[in-house]
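Chain and residue survey
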Protein chains: 2
Amino acid sequence: MRYHDPTDVASAPDRDRGGDVALGSSVAGVTTEAWHADLAWLPPGQVRERVLIEVEGDRIVAVTPDAAAPPGSHRLSGLALPGLANAHSHAFHRALRGWAQPAAASDFWTWRERMYALAEAMDPDLLFELARATYAEMALAGIAAVGEFHYLHHGPGGRPYADPNAMGEALLAAAAEARIRITLLDTCYLRGGFEAPLEGAQCRFGDGSVAAWRERVERLPSRPGAQLGAAIHSVRAVDEASMTVVAAWARERRAPLHVHVSEQPAENRACRLATGLSPVRLLERAGVLGAGTTAVHATHLEPGDVDALGGSGTAICLCPTTERDLADGVGAATELAVVGCQLCLGSDSHAVIDLFEEARALELDQRLVTLRRGHHRPEQLLGAATVGGMAVLGWDAGELSPGRLADLCVLDLGSIRLAGWTTQHLAASVAFAATAADVTDLIVGGRWVVRDRRHLGLGDVPKLLARAVARARAASGERG
Amino acid sequence: MRYHDPTDVASAPDRDRGGDVALGSSVAGVTTEAWHADLAWLPPGQVRERVLIEVEGDRIVAVTPDAAAPPGSHRLSGLALPGLANAHSHAFHRALRGWAQPAAASDFWTWRERMYALAEAMDPDLLFELARATYAEMALAGIAAVGEFHYLHHGPGGRPYADPNAMGEALLAAAAEARIRITLLDTCYLRGGFEAPLEGAQCRFGDGSVAAWRERVERLPSRPGAQLGAAIHSVRAVDEASMTVVAAWARERRAPLHVHVSEQPAENRACRLATGLSPVRLLERAGVLGAGTTAVHATHLEPGDVDALGGSGTAICLCPTTERDLADGVGAATELAVVGCQLCLGSDSHAVIDLFEEARALELDQRLVTLRRGHHRPEQLLGAATVGGMAVLGWDAGELSPGRLADLCVLDLGSIRLAGWTTQHLAASVAFAATAADVTDLIVGGRWVVRDRRHLGLGDVPKLLARAVARARAASGERG
């Protein structure tokens, strides 16, 4: 049970392939395109000039720096980067932006009440509409692939929809219309806490048992541009035996496995009280850690946790702007990188959607707590936002090199924020000063998705998003 | 010795007053204009609709919500905010953006070496060119007033220029061409450390004695749109007796007085070793604290420092994006606000120029270290970026109310980042999600400076900035 890897080239309207349908050539049914970038960031982390990127179908077949632009090639004016990967998303949280900032002292758990009230209001139509516009915001920000950590499965009170995967399918359809790749991390959520049953909104998250979770997940349809992965919500929400089943299921299918870990100290306290172990050590004992597994947040690690994560080859997804917003704190990103954990990034609650801000925050928040600079080189930060994220989502993308999926985003080098860039220091300028607002183009699998800041499929994305957010808030019974 | 307060209305070309010269009316030499904003943020922190803002000369004379747009008024499409105040700037540091990110572990002091190398390369022409483009970047970001903490006074080796204020005048001219207000915080800098003479680039900062500093400063010419203030670089760079003289000079003239305090722990250690006091306590003993004084950073406070700052009515300027970049750490912003310190914000080293990012970082960095949310309400964060900064720079601006200077910036409410805003929660959306890229217009003293994202006086600002940065780096002997 694994979705098709490549995006569905056949379904892409010709007008979105290259700048002009007449320019593309088609041999034996495979479309060939050439893109010529003023500059491009190429492995292993160098910026080169006049780069010709040749694409067949949805994959890059050749990358040539210092090349002339052949007739019929499409110019990319600016800096071409690999399409960005947003490795951790809860799409419906986008409706909380600007709406869940407290007027008085509070914490993560009071925020969660607000988020649950929103979750209670969702249905498949609303989730589709909100996710589609949120994914389109991602496309405008240069994001080619999203990892959707999806736990909102069932109807009010936990009653399954007629199609028990109606919510997951809404997310898949949303990504298809937004024209970005999705890895649907279907999330197992079985209890409210170590000793607590599901309650309130949580009833909509639960399948009752890991067997029922597996049965439902295996009925998810295959979709072009989509992959299926698994997630364990957290050590709070899934018992150890069930975790082991989810992990084995993912490993058997070579599907990505993600898990929230130690986002808040209360989770560590509860886990230690219930099991005598830290959350990371419990995951280790349950067989969850390892290559193919991504620990999300990993903020409040205990002694030994870093080594357990590094030694097992577990990847780490940091969500710095959410970790700031939700007062999670600053984790041990640098130590985790040192022991060999692959780092990647997610916009999580979508307080902002800007992978450049996430990338620099990874370094800057380390600086705040260590009073030292230079923990992660700019190239490593950009790697976390591209190839690192693509890897944990199961996509053969994130680098502009032959054989990879042809995902590119383009940055406007005329941006006031980047003024003063030089080829030599461009990675640093991008990592520390670029913003989502500087993205002009996104190409996913050789298909132009955003061109000159316009989403070719959906048009006026702010309007779509405003409408979806308004509907979601109205449905949750509060009007802003 | 104080510059004129109002901007020079007479010098503004008519084409920049309102949308069309024919629309303005002039009675007895005072130009009257009316601006009609779709929405405006009005004291004491409410967003109102259809707001008519009437201006005579450079001041607001009436603000009327729920008003029709009279014939001849200029529409402001979006949210009108007071023009932003950037209370702490070293303009020439802009050339370091993307160029001073370390490839390996390092700290503030190694960054300072790089900054000193750049300082060594500056001359009045180059400083003018770089500051003009940097201030124009600020204008594009909605910033109506800058506080320039100016210590680079003299030529190589400390030789005064023929005009000993050539560098300060370059900054004043730069702000005039960028069409924003400037408070020139002319900085006294007399020694390299508690027991160390000036050396290297520092020789260019020093006047030799506080008497010579005063004599030079008093020769600065008066300029429209500019005010003169004083600064003490730090307790490291100025002895106690001299600090007292600078403070008395500022108080006598009711001029703003700013001072860097406890940005790095090394300063505290050196101060305690030399004087037995924390930097804040030393400033207190020297008579520096008080209303009219602004402590910049105040990151590493010692017991009793918060009360000394609060009790004296000293304001605090936080520079969160620089404090992240330079690994300064997170200070006690919340405690300082609780004891009554006025907070304001600066982009300091210009790693980024985005007062919205500074505003939210003030709250978010507190969340990171306290693991709690809701320290500062969104309205307080916007207040720090507007009226708080204007107050410490000596400008009667920062609120859209009658009698205040007519400084406004306008945010594009069609921005994807703000999609989903509501009137009720708009302050939160702006504080937590807006960016400099969302600013469409800036009006300073009733004069349109940026319109539809274009600087009316300077045109292609990124190009000007790129040229200035390239010249500065070339002059400092390193090519990027």
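In what follows, the structure referred to is the one given above.
Reference entry: report on the structure contained in this document. These figures come from a predicted structure and were not determined experimentally.

1. Focus on the overall build of chain A
Along chain A, the regular secondary structure elements total 14 helices and 17 strands. Rg of the C-alpha trace for chain A: 21 Å, near the compact-globule value of 23 Å for 480 residues, within the 12% margin. In terms of its C-alpha atoms, chain A occupies a principal-axis envelope of roughly 65 × 55 × 45 Å. For chain A, with 480 residues in total, the buried portion stands at 65%. Within chain A, counting contacts between residues at least 6 apart in sequence, those at least 24 apart form 75% of the total. As displayed, chain A offers around 15100 Å² of accessible surface, 51% of which is attributable to carbon and sulfur atoms. With 46 positive and 58 negative side-chain charges, chain A shows a spacing of 2 Å between the two charge centroids.

2. Focus: the relation of the copies chain B and chain A
For the pair chain B and chain A, the superposition axis carries a translation of 0.0 Å, the fit reaches an RMSD of 0.0 Å, and the rotation angle comes to 180 degrees. In short, the pair behaves as if placed about a two-fold rotation axis. Identified as the residue of chain B closest to the rotation axis by C-alpha distance is Ala437 of chain B, at 3.3 Å. In this assembly the copies share their binding face: 100% of the residues contributing to the interface of chain B also contribute to that of chain A.

3. Looking at the sheet that holds strand β9 (residues 226–232) of chain B
Sheet strands pair by backbone hydrogen bonding; their relative direction is either parallel or antiparallel. Residues and elements named next belong to chain B. Read from one edge to the other, the open sheet built from eight strands follows the order β6-β7-β8-β9-β10-β11-β12-β13, with strand pairing classed as parallel. The open sheet terminates on both sides in strands that have one partner only, identified here as β6 (84–89) and β13 (343–345). Pairs of neighbouring strands in the sheet enclose a mean axial angle of 25 degrees, with direction left out of account. The sheet contact formed by β6 and strand β7 (residues 143–150) spans four bridges and is parallel. Bridge assignment links Asn86 to a residue of β7, and that residue is Val146. The strands that helix α2 (residues 124–140) touches are β6, β7 and β8 (181–188); relative to β7, the one it contacts most, it runs at about 145 degrees.

4. Brief notes about the side chain of Thr322 of chain B
All names here are of chain B. When you line up the elements, Thr322 lands in helix α9 (residues 320–325). Residue Thr322 is classed as buried on the basis of its relative accessible area of 0%. Not counting residues up to four positions away in its chain, the partners in contact with Thr322 are Asp328, Ser347, Asp348, Ser349 and His350.

5. Digging into the pattern of salt bridges
Residues and elements named next belong to chain A. According to the stated counting rule, one finds 58 salt bridges over all chains in the structure shown. Residue Arg216 is joined to Asp186 by a salt bridge in which the shortest nitrogen-to-oxygen separation is 2.8 Å. Here Arg216 is found in helix α4 (residues 210–217), whereas its partner Asp186 is found in strand β8 (residues 181–188), with 30 residues between them in sequence. Of the two residues examined, Arg216 and Asp186, each falls in the buried class. Ionic contacts of the salt-bridge type, sharing partners, join the residues Arg59, Asp396, Glu399 and Arg404 into one network.

6. Some words on the packing of aromatic side chains
Residues and elements named next belong to chain B. Going through the model one piece at a time under the given rule, you end up with 18 aromatic pairs over all chains. On the numbers, 4.8 Å between centres and 75 degrees between planes, the contact of Trp35 with Trp448 is edge-to-face. Here Trp448 lies in strand β16 (residues 447–451) and Trp35 lies in strand β2 (residues 30–42), a separation of 413 residues in the sequence. On the accessibility criterion, Trp35 (0% relative accessible area) is buried. Look at Phe92 and Tyr151: their rings are 6.2 Å apart centre to centre, the planes differ by 80 degrees, and that puts the pair in the edge-to-face class. Note that Phe92 is positioned in the loop between β6 and α1 (108–121) and Tyr151 in the loop between β7 and α3 (166–178), a separation of 59 residues in sequence. What makes Tyr151 buried here is its relative accessible area of 4%.

7. Remarks on the nonpolar core
Leu79, Phe92, Met122 and Tyr135 of chain B are the most contacted members of the largest nonpolar core, which totals 146 residues. Broken down by element, the residue count for this core peaks at eleven residues, all from α2 of chain B. If we skip the residues at most four places from it in the chain, Phe92 of chain B touches Met115, Leu118, Ala119, Met122, Leu127, Leu130, Tyr151 and Leu152 of chain B. Within the second largest apolar cluster, 145 residues are counted, among which are Tyr116, Ala174, Phe205 and Leu220 of chain A.

Rules used throughout
- Residues numbered from 1 in each chain as written.
- Chains lettered and ligands numbered in written order.
- Predicted model: local features only at pLDDT ≥ 70, side-chain atom pairs only at ≥ 80, totals over all residues.
- Heavy atoms only, no water.
- Helix = DSSP H or I, 4+ residues; strand = E, 2+ residues; numbered from the N terminus.
- Rg over C-alpha atoms; globule rule 2.2 N^0.38 Å.
- Buried < 20%, exposed > 50% of the residue type's maximum accessible area, 1.4 Å probe, protein only.
- Contact = heavy atoms within 4.5 Å.
- Areas by Shrake-Rupley, 256 points an atom, 1.4 Å probe, with all protein chains shown as cover.
- Lys, Arg positive; Asp, Glu negative; His and termini not counted.
- Charge placed at Lys NZ, Arg CZ, Asp CG, Glu CD.
- Least-squares fit on C-alpha atoms with pLDDT ≥ 70 in both.
- Pairing = 2+ DSSP bridges.
- Axes fitted to C-alpha atoms, helices over the stretch in contact; angles between N-to-C directions.
- Salt bridge = Lys/Arg side-chain N within 4 Å of Asp/Glu carboxyl O.
- Phe/Tyr/Trp six-rings, centres within 6.5 Å; stacked < 30°, edge-to-face > 60°.
- Core = buried A, V, L, I, M, F, W, Y, C linked by side-chain atoms within 4.5 Å.

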